[in-house]
Amino acid sequence: MPDTPFTFTLPFPTLIPSHFDNHIERRLSSLKGQFFDLDTYQKMLAVEDSLVYEVYEIRRPEAAGEILTGISIVHPGKVGREFYMTKGHFHAVIDTAEVYLCMKGEGCMVMENPQGETSVASLYPGSVLYVPPRWAHRSVCTSRQQDLVTFFAYPGHSGHDYSTIERQGFGKLVLEGEKGIEIVDNPRWNKP
Ligand code: PA5
Ligand code: NI
């Protein structure tokens, strides 16, 4: 990997980086047990393992001092009343933060810390979110038509801990209600 400065662009309207090293596709099947409406989830999955979100990563050494960047795209969709979302994770090195810049779409970041405190931040074009160390994070696309596109940056040595969230879920769900978006307590949350 060259240790010289480099640039890339995020061309409108797709915002797919002009250069990237890794393209991850995550489908319904990789979110097993995370959506509240398990019945609807199973029925949808039986018809099609739909694409829920994609990540374009710029590779750098996974070392402290490096910064990992990329683009996350959550597609519009719902399982029952619950909007499409990422798996969500703590960083394996839990004392590492992350910055998100929303470039397109509407959505929110659902967050919680190991003490079970929760926080939900709106994401809209131009919004910048600082996720402090120790806060797990999950992006949710709340638009019915448009992708939620965010640029992210986090320390190279952060790593990902998916298993804690797979086990306990997040404390808050983001649902489509009759009067708009509803953020409700997750009845199945295994509170830490
Ligand atoms: O590092 C991040 O938080 C993001 O790049 C996410 O990895 C991305 O949004 C995909 O979410 P997840 O890693 O929870 O599948
Ligand atoms: Ni992260």
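A brief report on the enclosed structure follows. (Residues numbered from 1 in each chain as written. Chains lettered and ligands numbered in written order. Predicted model: local features only at pLDDT ≥ 70, side-chain atom pairs only at ≥ 80, totals over all residues. Heavy atoms only, no water.)

## Focus: the coordination of the nickel ion (ligand 2)
So, point 1. Of the protein atoms, only His89 (NE2), His91 (NE2), Glu98 (OE) and His137 (NE2) coordinate the nickel ion (ligand 2), at distances of 2.1 to 2.3 Å.
So, point 2. On the primary sequence, the residues serving as donors to the nickel ion (ligand 2) are separated as H-x1-H-x6-E-x38-H. (Donors = N, O, S within 2.8 Å, 3.2 Å for Na, K, Ca; no water.)

## Side note on the side chain of Arg60
So, point 1. For Arg60, the position within the fold is in the loop between strand S2 (51-58) and strand S3 (67-74).
So, point 2. Judged by its relative accessible area of 12%, Arg60 is buried.
So, point 3. Engagement of the side chain of Arg60 in a polar contact is seen with the side chain of Asp3, the distance being 3.0 Å.
So, point 4. A polar contact of 2.8 Å, which involves the side chain of Arg60, links it to the side chain of Glu66.
So, point 5. Leave out the neighbours within four places in its chain, and Arg60 touches Met1, Pro2, Asp3, Phe6, Glu66, Ile67 and Leu68. (Helix = DSSP H or I, 4+ residues; strand = E, 2+ residues; numbered from the N terminus. Buried < 20%, exposed > 50% of the residue type's maximum accessible area, 1.4 Å probe, protein only. Polar contact = N/O pair within 3.5 Å; in protein donor to acceptor, adjacent residues only side chain to side chain. Contact = heavy atoms within 4.5 Å.)

## Comments concerning the environment of Arg138
So, point 1. Secondary-structure assignment places Arg138 in strand S10 (residues 136-141).
So, point 2. Among the residues examined, Arg138 registers a relative accessible area of 3% and is labelled buried.
So, point 3. Not counting chain neighbours up to four residues away, the residues in contact with Arg138 comprise Gln34, Met85, Thr86, Lys87, Gly88, Cys108, Met109, Val110, Ile165 and Phe170.
So, point 4. In this structure the side chain of Arg138 is engaged in a polar contact, spanning 2.7 Å, whose partner is the side chain of Gln34.

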